[in-house]
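# Examination of the molecular architecture
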Amino acid sequence: MIRIEKWVIGAALAVAIPVLIPVIKECIYPLAVTGVKKAKSSVQLIKEEIQDIIVEAQFERMKQQFDEELITTDERGY
């Protein structure tokens, strides 16, 4: 009896899979497209944040160099 049930389930799956594949594709494709768009958006945001950090670090370095030059200039009496 158990073998017959397995055959019935197997046959039902064999018939159902060709019908279900297009339905699954219709559901999964939009989700995949949305996921890719969100991933691209997240990568762009991360890239912008990294660029901001780099610019801030460069500004701080320039400010520090300017302050050091200003102190050196004041010590020389210029």
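Predicted model only: the values in this text are computed from it and were never measured. (Residues numbered from 1 in each chain as written. Predicted model: local features only at pLDDT ≥ 70, side-chain atom pairs only at ≥ 80, totals over all residues. Heavy atoms only, no water.)

### Brief notes about the overall build of the protein chain
Within the protein chain one finds one helix and zero strands. Taking 12 Å as the expected radius of gyration for a compact globule of 78 residues, we find that the protein chain reaches 32 Å, considerably beyond that expectation. Principal-axis analysis of the C-alpha atoms places the extent of the protein chain at approximately 105 × 25 × 10 Å. Taken as a whole, the protein chain presents about 7,600 Å² of accessible surface, with 67% of it coming from carbon and sulfur. Across the protein chain, 10 positive and 12 negative side-chain charges occur, with their mean positions spaced 21 Å apart. (Helix = DSSP H or I, 4+ residues; strand = E, 2+ residues; numbered from the N terminus. Rg over C-alpha atoms; globule rule 2.2 N^0.38 Å. Areas by Shrake-Rupley, 256 points an atom, 1.4 Å probe, with all protein chains shown as cover. Lys, Arg positive; Asp, Glu negative; His and termini not counted. Charge placed at Lys NZ, Arg CZ, Asp CG, Glu CD.)

### Considering a negative patch on the surface
Residues E48, E49, D52, E56 and E60 make up a contiguous surface patch of negative charge. With respect to the secondary-structure elements, E49 resides in helix α1 (residues 2-76). (Patch = residues over 30% accessible without salt bridge, like charges linked within 9 Å, V, L, I, M, F, W, Y side chains within 5 Å. Salt bridge = Lys/Arg side-chain N within 4 Å of Asp/Glu carboxyl O.)

### A short note on a nonpolar patch on the surface
A contiguous nonpolar surface patch, about 360 Å² in accessible area, is contributed by I9, L13, I17 and I21. Relative to the helices and strands, I21 is located in helix α1. By relative accessible area, I21 is classed as partly exposed at 40%. (Buried < 20%, exposed > 50% of the residue type's maximum accessible area, 1.4 Å probe, protein only.)

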